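Remarks on the overall topology
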Amino acid sequence: MATQLKNLSDFSNTTIPNAGAYRFGIVVAEWNAKITGALYEGAYQSLVDNGTLEENIFTYSVPGSFELTTGADILLKNKNLDAVICLGCVIQGETRHFDFICNAVANGVSNVSIKYSKPVIFGVLTTDNEQQAEDRAGGKHGNKGVEAAVTAIKMADLNKQLHD
Ligand SMILES: Nc1c(NC[C@H](O)[C@H](O)[C@H](O)CO)[nH]c(=O)[nH]c1=O
Ligand SMILES: CC(=O)[C@@H](O)COP(=O)(O)O
């Protein structure tokens with residue numbers, strides 16, 4: 001598979017805008033906390049490494065990935081933010097519950113982004129097993145949290161360029 005051949009968080013060949021002017025929300029699901037914690041560390045450090053002031057990063061947790069949509073909505077309703085990053089990890093179980101959560105949060109995150117005309121980033125791992133999740137949360141396939149942070153910076157910058 002193509003995924004096996006690349007680090008999904010390799011941004012060495014892309015230009016990342018300076019994020020010094022931007023304010024970011026991060027909503028983190030508590031389910032699979034070891035994984036989501038690693039995603040969060042990657043996202044937070046990436047924001048800071050690209051110029052975000054630590055006082056401009058607003059972090060909140062929610063019980064599970066299904067609640068990420070509501071968490072992003074609450075943040076955008078109550079705080080002046082340039083983008084929100086949603087971090088979660090959904091691992092396939094024995095039933096179709098996985099499908100319903102993944103579809104709900106993917107669609108929900110998109111809907112909240114459109115509702116507020118603000119970037120809401122889908123930083124949610126949806127994996128068959130824990131190993132796949134570990135590989136994408138700081139393992140051999142990079143860190144989806146880093147990818148989500150870079151995406152948030154780029155989209156916040158795009159929004160600012162076209163808004164001004
Ligand atoms: N199984 C996983 C869940 N399940 C919980 C849901 O996200 C939700 O909190 C519950 O259905 C109540 O609304 N959440 C994850 O983030 N990851 C999972 O693997
Ligand atoms: C993916 C999930 O929702 C997790 O709770 C596993 O659920 P189940 O084994 O009941 O499908």
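The protein appears in an unreviewed UniProt entry as 6,7-dimethyl-8-ribityllumazine synthase from Mucilaginibacter aquatilis. Check the Function (unreviewed entry) section of the UniProt entry for the protein; it says "Catalyzes the formation of 6,7-dimethyl-8-ribityllumazine by condensation of 5-amino-6-(D-ribitylamino)uracil with 3,4-dihydroxy-2-butanone 4-phosphate. This is the penultimate step in the biosynthesis of riboflavin."

What follows deals with the site of ligand 2. The immediate surroundings of ligand 2 are formed by Trp31, Ile91, Gly93, Glu94, Thr95, His97, Phe98 and Ile101. The backbone of Glu94 places a nitrogen or oxygen atom 2.9 Å from an oxygen atom of ligand 2. Here Thr95 contributes a side-chain N or O atom positioned 2.5 Å from an oxygen atom of ligand 2. Protein chains bury 73% of the 330 Å² of accessible surface belonging to ligand 2 in isolation.

Judged by how many residues are buried, strand E1 (residues 24-29) sits mostly within the fold: six of six residues are covered. Burial of E1 is two-sided: the residues Phe24, Ile26 and Val28 facing one way and the residues Gly25, Val27 and Ala29 facing the other way are all buried. Looking at chain direction, E1 and strand E2 (residues 57-62) are connected through six bridges and run parallel. Within the sheet, the bridge partner assigned to Val28 lies in E2 and is Ser61. Once you follow E1 into helix H1 (residues 33-49) and on to E2, the crossover reads as right-handed. With five bridges connecting them, E1 and strand E3 (residues 83-91) associate as parallel partners. Residue pairing for E3: Phe24 is matched across the bridge by Ala83.

A few words on helix H2 (residues 68-78). By the burial criterion, the buried members of H2 are Leu68, Thr69, Gly71, Ala72, Asp73, Leu75 and Leu76. Where H2 is buried, its residues touch E1, E2, E3, helix H3 (97-116) and strand E4 (120-127).

The next subject is the environment of Leu81. For Leu81, the location among the structural elements is in the loop between H2 and E3. Residue classification places Leu81 among the buried residues on the basis of a relative accessible area of 0%. For the pair Leu81 and Leu158, spaced 77 residues apart in sequence, the C-alpha separation works out to 14 Å. With near-sequence residues (within four places) excluded, Leu81 lies in contact with Arg23, Phe24, Gly25, Phe58, Leu75, Leu76 and Lys118.

So, on to the packing of aromatic side chains. Applying the stated criterion to the full structure yields two aromatic pairs. Look at Tyr22 and Phe24: their rings are 6.4 Å apart centre to centre, the planes differ by 80 degrees, and that puts the pair in the edge-to-face class. Residues Tyr22 and Phe24 agree in their burial class; the two are buried. Residues Tyr40 and Tyr44 carry aromatic rings whose centres are separated by 5.8 Å and whose planes lie at 45 degrees to one another, so their mutual orientation is tilted. With a gap of four residues between them, Tyr40 and Tyr44 both fall in helix H1, about one helical turn apart.

Basis of the calculations
Residues numbered from 1 in each chain as written. Chains lettered and ligands numbered in written order. Predicted model: local features only at pLDDT ≥ 70, side-chain atom pairs only at ≥ 80, totals over all residues. Heavy atoms only, no water. UniProt positions renumbered as here; feature names shortened; annotations may be inferred. Near = heavy atom within 4 Å. Polar contact = N/O pair within 3.5 Å; in protein donor to acceptor, adjacent residues only side chain to side chain. Areas by Shrake-Rupley, 256 points an atom, 1.4 Å probe, with all protein chains shown as cover. Buried < 20%, exposed > 50% of the residue type's maximum accessible area, 1.4 Å probe, protein only. Helix = DSSP H or I, 4+ residues; strand = E, 2+ residues; numbered from the N terminus. Pairing = 2+ DSSP bridges. Right-handed = clockwise from strand over helix to strand, strands pointing away. Contact = heavy atoms within 4.5 Å. Phe/Tyr/Trp six-rings, centres within 6.5 Å; stacked < 30°, edge-to-face > 60°.

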